[in-house]
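Chains, contacts and geometry: an overview
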Amino acid sequence: MKNMKISTKCLHGFRYQSAEGAVATPIFQSATFAHPAIGQSTGYDYSRLQNPTRETVENLLASLENAAEALAFSTGMAALTTLMELFSPDDHIIATSDLYGGSIRLFQHISQKNGLQIDFVDTSNIAATQNLIKPNTRAIFVETPTNPMMNVTDISAIKNIVKGQNILLIVDNTFLTPYFQQPLLLGADIVLHSGTKYLSGHNDTLAGFLAVSEPQLCERLKFIHKTTGACLSPFDSFLVIRGIKTLGLRMDKSQENAIKLADYLQTLSMVKKVFFVGLKTHPSYEISQRQSSGFGAMISFEVDCQATAHKLLNNVKIIQFAESLGGVETLITYPTTQTHADVPPADRAARGINDRLLRLSVGIENVDDLIEDLSQAIK
Ligand SMILES: *Cc1c(COP(=O)(O)O)cnc(C)c1O
């Protein structure tokens with residue numbers, strides 16, 4: 001069916017064709033596949049190359065992101081590591097400064113060691129980003145909204161400054177998912193996901209994805225994928241397929257809760273700043289409305305002092321003090337000691353990450369219970 005809506009695509013965007021009529025995708029827990037005869041193949045040889053369960057989740061993700069093809073990895077970082085293998089020593093990459101901490105660690109400690117030149121910039125500032133483009137620039141890596149400061153980059157505006165040049169536009173779409181934002185339709189070449197987060201959605205598995213606009217580009221990535229080997233297991237592929245079935249429901253409910261929580265946080269005297277893309281006062285509210293169909297459910301907020309931050313982390317009861325995001329359970333994270341602990345303190349401060357900053361990944365609980373929990377914890 002043409003023009004299937006995204007919430008329908010989450011269920012039917014790609015279906016494994018089961019001879020038995022299985023409605024759930026079977027888990028092909030097989031490392032290898034037997035050949036009927038010499039010179040013949042069932043289409044499957046060895047699970048690092050391809051596996052029917054993994055292929056199903058890849059096709060499903062490609063459908064959601066309007067991609068030519070998608071590849072599934074064991075983690076989001078494995079997807080990013082594979083992606084970096086597209087580049088050669090002395091290639092230059094421009095990246096959003098306020099990135100997921102693990103991505104910063106990869107760029108600074110692995111990619112730079114391998115000879116890549118990486119410049120970090122606030123990519124919401126288009127002119128500043130354009131000024132960094134050099135003859136050897138091969139990619140612009142954008143995370144939007146960013147983690148944890150919720151800065152928004154205008155994806156089409158970045159596309160405009162790289163148009164006609166040999167520069168890939170890569171977007172980490174983990175925070176909004178294709179349910180709310182489809183970067184390939186805005187001109188991006190590759191979308192990266194930590195499938196660990198909203199796509200799987202239940203804090204029960206790790207996964208990563210690359211969704212690619214061009215078949216030739218995907219062929220290059222597929223070669224690296226099968227050669228370096230960080231592919232998603234059949235069981236984890238199944239879990240992500242199952243998670244995606246409720247992606248729409250979960251995103252809608254989490255966002256509804258997040259809007260109410262952001263409003264509530266603003267009423268607390270001990271809360272000094274609230275960073276949430278869905279607030280009309282957010283500097284990129286208009287851009288978000290234009291390029292995304294939702295704001296997501298990630299909120300960062302700054303409290304008055306370190307003691308208040310610690311009190312909240314120690315006293316929450318329903319909300320759990322844990323790293324990660326995008327699951328059905330609401331989590332509270334302390335970026336300074338968790339996601340961004342390995343970012344040098346000066347860089348952390350420059351990005352606005354201090355010991356008063358907390359991050360909420362809002363889940364699907366009844367929002368009144370979440371408000372009550374925060375209220376008793378901050379008292
Ligand atoms: C978690 C995360 C990653 C890394 O994914 P893993 O699955 O943990 O390896 C990358 N980008 C963003 C925005 C993330 O939140």
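Cut-off values and rules
- Residues numbered from 1 in each chain as written.
- Predicted model: local features only at pLDDT ≥ 70, side-chain atom pairs only at ≥ 80, totals over all residues.
- Heavy atoms only, no water.
- Helix = DSSP H or I, 4+ residues; strand = E, 2+ residues; numbered from the N terminus.
- Buried < 20%, exposed > 50% of the residue type's maximum accessible area, 1.4 Å probe, protein only.
- Polar contact = N/O pair within 3.5 Å; in protein donor to acceptor, adjacent residues only side chain to side chain.
- Contact = heavy atoms within 4.5 Å.
- Near = heavy atom within 4 Å.
- Areas by Shrake-Rupley, 256 points an atom, 1.4 Å probe, with all protein chains shown as cover.
- Nonpolar A, V, L, I, M, F, W, Y, C, P; charged D, E, K, R; others polar.
- Expected span 1.5 Å × (residues − 1).
- Arc of directions from axis to C-beta.
- Pairing = 2+ DSSP bridges.
- Right-handed = clockwise from strand over helix to strand, strands pointing away.
- Axes fitted to C-alpha atoms, helices over the stretch in contact; angles between N-to-C directions.
- Disulfide = S-S within 2.5 Å.

Along the chain, the position of D154 falls in the loop between β4 (137-143) and α6 (155-162). Look at D154 and you get buried, because its relative accessible area is 14%. From its side chain, D154 meets the backbone nitrogen of S156 in a polar contact 3.3 Å long. A distance of 3.5 Å separates a polar atom in the side chain of D154 from a polar atom in the side chain of R290.

The next subject is α6. Taking burial as the measure, the eight residues of α6 include six buried ones, the bulk of the element. Taken residue by residue, α6 has I155, A157, I158, K159, I161 and V162 as its buried positions. Where the residues of α6 are buried, they touch α5 (126-131), β4, β5 (168-172) and α11 (285-291). Where α6 terminates, the next one or two residues include G164, which has phi positive at roughly 80 degrees.

Surveying the vicinity of the ligand reveals 13 residues, the closest of which are M77, D172, S194, T196 and K197. A distance of 2.6 Å separates an oxygen atom of the ligand from a polar atom in the side chain of T196. At 2.7 Å from an oxygen atom of the ligand is found a side-chain nitrogen or oxygen belonging to K197. A total of 380 Å² of accessible area belongs to the ligand in isolation, and the protein chains cover 93% of it. The residue inventory of the shell around the ligand, partitioned by class, reads four nonpolar, six polar and three charged.

Looking now at helix α14 (residues 367-378). Taking 1.5 Å of rise per residue, the twelve residues of α14 would be expected to cover 16 Å, and the 17 Å separating its terminal C-alpha atoms lies within 8% of that figure. Those residues of α14 lying buried are V367, L370, D373, L374, A377 and I378. Angularly, the buried residues of α14 cover 120 degrees about the axis, an arc narrow enough to put them on a single face. For α14, exposure combined with an orientation more than 90 degrees from the buried face picks out D368 and E372. In this fold, the buried residues of α14 make contact with α10 (247-266), β8 (271-275), α12 (306-315) and β12 (357-361). At the N-terminal boundary of α14, the capping side chain belongs to N366, with an oxygen 2.9 Å from the backbone nitrogen of D368.

Here we come to the pairing of strand β3 (residues 117-121). In terms of strand pairing, strand β2 (residues 92-96) meets β3 through five bridges, oriented parallel. Among the inter-strand pairings, H92 is bridged to a residue of β3, identified as Q117. Handedness of the crossover is the feature at issue here: the chain leaves β2, passes through helix α4 (residues 101-111), returns alongside β3, and the resulting connection is right-handed.

Next up on the list: the sheet that holds β3. The seven strands are arranged β1-β7-β6-β5-β4-β2-β3 in an open sheet whose pairing can be described as mixed. The sheet is open, and its two borders are formed by β1 (69-73) and β3, each paired with just one other strand. Taken over all neighbouring pairs, the strand axes of this sheet differ in orientation by 20 degrees on average, direction set aside. Its contacts with the sheet put helix α2 (residues 52-65) on β1, β6 (190-194) and β7 (208-212), and the angle it makes with β1 is roughly 130 degrees. In this fold α4 packs onto β2, β3 and β4, with an angle of close to 150 degrees to the strand it touches most, β3.

Before going further, it helps to spend a moment on the environment of E365. By the secondary structure assignment, E365 is in the loop between β12 and α14. For E365, a relative accessible area of 18% puts it in the buried group. Taking the C-alpha atoms as reference, E365 lies 9.6 Å from I319; in sequence the two are 46 residues apart. Every residue in contact with E365, bar those within four places of it in the chain, is listed here: K253, N257, I318, V328, E329, T330 and L370.

Okay, the state of the cysteines next. Scanning the entire structure with this criterion turns up zero disulfides. Between C231, a free cysteine, and C218, which holds the nearest cysteine sulfur, the sulfur-to-sulfur gap is 14 Å. Exposure remark for C231: the relative accessible area of 17% places this residue in the buried category.

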